[in-house]
Amino acid sequence: MGDNSKKIEDYLITSEPYYEPVGNEISIFESAYQNQLPVLLKGPTGCGKTRFMEHMSWRLKRPLITVSCHDDLTASDLVGRYLISGSETVWIDGPLARAVRAGAICYLDEIVEARKDTTVVIHPLCDDRRVLPIEKVGELLEAPDDFCMAISYNPGYQSILKDLKQSTRQRFVALEFDYPSEELEQKIIENETSVDSTTSAMLVKFAHMTRNLKGNGLDEGASTRLLVHAAKLISSGVDPVAACNSAISEAITDDPEMLQAVNELSSSLF
């Protein structure tokens, strides 16, 4: 459930979040928004999807209500439910209903982690109807023009049981995200932290080594987010090899042999 103690203005992002575009994703999102089309972000974890949504919320001057999806997320968690307050029962909107009423951007992060029946509730919002049926109160909530539905998922490690159904995905304009180019990734690390260009170059090189191991012992390589974590540790005085071990190696695998192999890669670089 969303935090109903927060006013909708509290979801406005007032200062520009740092984001480096890797293609035409900003213009496509803006066009989709102007045409009231929902947007699907596809890409590996930690490659900038959530930061992109924060940046677009700031650009469009719309509140951003984010829901991190998980196995126990129900339709009621999204839409709302009756709660007992004192001696009476009151209806409390969930984050999705709040976003629709306010004309906000609702961002469902890692949508495939939610239960299958949960995704069905967004279907009427994501086609020409643009409505949210709230059956428990007999209300049909019509989305204003400035409401935007956005979802994300990582197609890289989903099983067939956790893939996005065609009936859902074919409602969306899809934007594919990936890790940035080496030069851009270095620039991001240096902008987010205070490390020098030599260190950022080494981190990016290390990341590419781990990404080459995807499917050969690793489910995912090091994300840009993890490189930023390691760079922050290094800029605070932590030894680079120790920083890579804690912020990257331990984060991407628990397998003892893979851990040793990945740590040897960082030791060879630093």
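Quick caveat, the model's predicted, so the values are computed rather than measured.

A.B. asks: Go over the pattern of salt bridges with me, naming the residues and quoting the values.
C.D. replies: Applying the stated rule across the entire model yields 12 salt bridges. Across the pair glutamate 30 and arginine 59 runs a salt bridge, and its minimum N-O distance is 3.1 Å. Of this pair, glutamate 30 sits in helix 1 (residues 25-34) while arginine 59 is found in helix 2 (residues 49-60), placing the two residues 29 residues apart along the sequence. For glutamate 30, a relative accessible area of 21% translates into the label partly exposed. The salt bridge involving glutamate 220 is made with lysine 214; its shortest N-O contact spans 3.9 Å. Among the charged side chains, a salt-bridge network with shared partners connects Arg51, Glu54 and Glu192.

A.B. asks: If you had to explain the packing of helix 10 (residues 240-252) against helix 11 (residues 256-269) to someone new, which residues and values would you point to?
C.D. replies: Closest axis-to-axis distance for the helix 10/helix 11 pair is 10 Å, and the angle between their directions is 145°. Once helix 10 is placed against helix 11, the crossing between them reads as right-handed. For the pair helix 10 and helix 11, the contacting residues are Val241, Cys244, Asn245, Ser249, Glu250 and Ile252 in the first and Leu259, Val262, Asn263, Ser266 and Ser267 in the second. Each residue belonging to the contact of helix 10 with helix 11 can be placed in one class, and the counts come to five nonpolar, five polar and one charged.

A.B. asks: Go over helix 11, please, and point to the residues and values.
C.D. replies: Over its 14 residues, helix 11 extends 20 Å from the first C-alpha to the last, a length consistent with the 20 Å expected when each residue adds 1.5 Å. Among all positions of helix 11, only Met258, Leu259, Val262, Asn263, Ser266 and Leu269 are buried. Burial along helix 11 is one-sided: seen end-on, the buried residues are contained in an arc of 130°. Turned more than 90 degrees away from the buried face of helix 11 sit Pro256, Glu257, Gln260 and Ser268, all of them exposed. Those residues of helix 11 that are buried are in contact with helix 8 (197-211) and helix 10.

A.B. asks: Tell me what's going on with the environment of alanine 32, and back it up with residues and numbers.
C.D. replies: Here alanine 32 shows up in helix 1. Put simply, alanine 32 and phenylalanine 52 are 20 residues apart on the chain and 15 Å apart in space, counted from C-alpha to C-alpha. Beyond its immediate chain neighbours, meaning those up to four positions away, alanine 32 contacts Leu37, Val39 and Val173.

A.B. asks: Got a sec to walk through the sheet that holds strand 1 (residues 39-42)? Specific residues and values, please.
C.D. replies: Strand order in the open sheet formed by five strands is 2-5-8-1-9, with parallel pairing between adjacent strands. Two strands lie at the open edges of the sheet, namely strand 2 (64-68) and strand 9 (173-176), each paired on one side alone. Going from strand to strand, the sheet's axes swing by 20° on average, the running direction of each strand aside. Looking at chain direction, strand 1 and strand 9 are connected through four bridges and run parallel. Among the inter-strand pairings, valine 39 is bridged to a residue of strand 9, identified as valine 173. On the sheet, helix 1 packs against strand 1, strand 8 (148-153) and strand 9 and is oriented at approximately 165° with respect to strand 9.

Rules used in this analysis
Sequence order sets the numbering: in each chain, residues are counted from 1 along the sequence as written. Since the coordinates come from a predicted model, pLDDT governs what is reported: local features require at least 70, and pairs of side-chain atoms require 80 or more to be given and counted, while whole-chain, interface and lining totals use all residues. No hydrogens and no water enter the side-chain calculation; it runs on all heavy atoms of the structure. The rule for a salt bridge is simple: a side-chain nitrogen of Lys or Arg has to be within 4 Å of a carboxyl oxygen of Asp or Glu. A run of H or I in DSSP becomes a helix once it reaches four residues, and a run of E becomes a strand once it reaches two; helices and strands are each numbered from the N terminus. Remark: exposure states derive from per-residue accessible area (1.4 Å probe, protein chains only) relative to the maximum for the residue type, with buried under 20%, exposed over 50%, and partly exposed in between. Lines fitted to the C-alpha atoms define the axes, with helices restricted to the stretch that makes contact. Angles between their N-to-C directions range from 0 to 180 degrees. A crossing counts as left-handed when the near helix is turned anticlockwise from the far one by less than a right angle, and as right-handed when that turn is clockwise. Contacts: residue pairs with any heavy atoms within 4.5 Å of one another. Nonpolar residues are Ala, Val, Leu, Ile, Met, Phe, Trp, Tyr, Cys and Pro. Charged residues are Asp, Glu, Lys and Arg, and all others, Gly as well, are polar. The length a helix should cover is 1.5 Å for every residue beyond the first. Directions from the helix axis toward the C-beta atoms define the arc. The pairing criterion for strands is at least two bridges between them, as found by DSSP.

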